[in-house]
Amino acid sequence: MTSGISSGQLSMSPVKAAQAPRRLRHLLSLDDFEKAAAKHLPRPVFGYMVAAAETRHSLRSNREAYARYSFVPRVLVDVSQRSQAVTLFGHSYASPFGLAPLGLSALSAYRGDLVLARAAAEANVPMIMSGSSLIPLEQVAAQSPDVWFQAYLPGDEQNIMALIERVAKAGFRTLVLTVDTQVPPNSENTVRMGFSAPLRPSLRLAWDGLVRPRWLFGTFLRTLLLHGMPHFENNYATRGAPILSASVLRDFSDRGHLNWRHFSLIRQLWKGRLVIKGVLSVQDARIARDAGADGIIVSNHGGRQLDGAVAPLKVLPGIAEACSDIPVMLDGGVRRGTDVLKAVALGARMVFVGRPFGYAAAIGGQAGVRHAIDLLAREVSRDMAMLGIRELDELNASGFICPS
Ligand code: FNR
């Protein structure tokens, strides 16, 4: 498969159309993957992925925030040679977007975390592996050493230290700490879709699986046969609950007491790059930076935690200004090349995309994720041309976007 722009190098325009497998060619934009995933995945699994908290206010406002800005393009600029490459933490990535951490990826896609990591490496974009994943982190690190690892902090210091040690030993160099999950979110919308973690065996669950035979045989039974029952492997230094069980309870240890002291402890223990994810306030961004964070991901968890939490794009400019000495990144609602460019223009070094890449892995495995990455990269490239820029740095100049 070729995209003609995956290297991020200056490329001739128009960009060559990607040779996606025939079965994926009807997927023309990132939003198309959601509709296809709804048909492919069992109701509870799709329900978990699509879910947002409560009235889905934050989910909606994440998208609406992009409409609050419009472009002011420049014309008659020679844009025949363009590059969307971006340097972050000393690595030159092909595009200014990457793959956000998605829990339970190996439930929706066969070997999900490994597939996402391979597609990201192939396209030379960053990928963050979730700590709520079902494949041991050592396997992902061995296959894709450039992947970043995202951890949810265990509740006590001993478990924090053991997890950090395990992640370092596996060879990860970038640790992402997600800090917006003080308590589990309201689960009403996932419960309505029949989801729980672990999933509870029932006639309804069996039916949900049977009516999705491609997923049942191609993902779930194939996983059971070749790798055994998936477990939560990476929330702690030791193995957690299975994904399917009539009685086992998942250990949601209390994180409500965690504070900046724990962050500083991790900063001392972790010798690699430390990124904090889930920051929305300028004050917190400053504290994180002063406490040694190497990067910040402005995020409201895709609208899955506090419903009503502000859209990351709205607070991005203030955080980027306050922390201009470290990379500020963003996720939430990025679906179009124009979204990527607006976020970059407002100060993001890198943006991350969640749900669409998860759907792409479920529907089409590595080729599906690669197709989704290529679609977005081509949009970015095309939009750069119509905006009149050859490199992303040019977006730093004022005047390319204005309030709508
Ligand atoms: C997530 N997200 C997430 N974040 C995190 O730090 N650790 C995790 O394990 C997960 N798991 C997870 C599962 C699923 C199914 C979704 C949809 C999301 C949040 C994710 O990293 C990211 O912040 C949002 O998904 C970004 O929003 P969009 O791109 O999905 O709109």
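Computed from a prediction, not measured in an experiment: that's the story for all the values here.

A. Structural context of the nonpolar core. Within the largest apolar cluster, 106 residues are counted, with the highest numbers of intra-cluster contacts made by Leu-175, Phe-357 and Val-369. Among the elements that make up this core, the one with the highest residue count is helix 15 (residues 355-387) (16 residues). Look past the residues within four positions of Phe-357 in its chain and what remains in contact with it is Phe-97, Gly-98, Leu-99, Leu-116, Val-369, Ala-372, Ile-373 and Leu-376. In terms of nonpolar packing, the next biggest core, distinct from the first, is built from 13 residues, Val-176, Ile-297, Met-329 and Phe-352 among them.

B. Structural view of the packing of aromatic side chains. Applying the stated criterion across every chain, the model contains 8 aromatic pairs. Taking the centre distance of 4.7 Å and the plane angle of 25° together, the rings of Tyr-48 and Phe-195 count as stacked. With Tyr-48 in helix 2 (residues 43-50) and Phe-195 in the loop between helix 8 (188-192) and helix 9 (203-210), the pair connects residues that are 147 residues apart, well separated along the chain. Note on accessibility: Tyr-48 and Phe-195 belong to one class, buried. Judged by centre distance (5.5 Å) and plane angle (80°), the ring pair of Trp-260 and Phe-263 falls under edge-to-face. With Trp-260 and Phe-263 both in helix 11 (residues 260-269) and 3 residues apart, the pair spans about one turn of that helix. You can call Trp-260 partly exposed: its relative accessible area is 31%. Among the aromatic residues, ring-to-ring pairing joins Phe-89, Trp-148 and Phe-352 into one connected group. It is Arg-222 that lies over the ring of Tyr-110; its NZ or CZ is 3.7 Å from the centre. Here the basic side chain of Arg-250 rests over the ring of Phe-232, its NZ or CZ set 3.7 Å away from the ring centre.

C. Highlighting helix 10 (residues 213-227). A bend of about 35° at Leu-221 is the largest found in helix 10. When we look at burial in helix 10, the residues that qualify are Trp-215, Leu-216, Thr-219, Phe-220 and Thr-223. Against the buried residues of helix 10 lie helix 1 (30-40), helix 2, helix 4 (105-108) and helix 9.

Rules of the game
- Residues numbered from 1 in each chain as written.
- Predicted model: local features only at pLDDT ≥ 70, side-chain atom pairs only at ≥ 80, totals over all residues.
- Heavy atoms only, no water.
- Core = buried A, V, L, I, M, F, W, Y, C linked by side-chain atoms within 4.5 Å.
- Buried < 20%, exposed > 50% of the residue type's maximum accessible area, 1.4 Å probe, protein only.
- Helix = DSSP H or I, 4+ residues; strand = E, 2+ residues; numbered from the N terminus.
- Contact = heavy atoms within 4.5 Å.
- Phe/Tyr/Trp six-rings, centres within 6.5 Å; stacked < 30°, edge-to-face > 60°.
- Lys NZ or Arg CZ within 6 Å of the ring centre and 35° of its normal.
- Bend = angle between axes of the 7 residues up to and from the residue.

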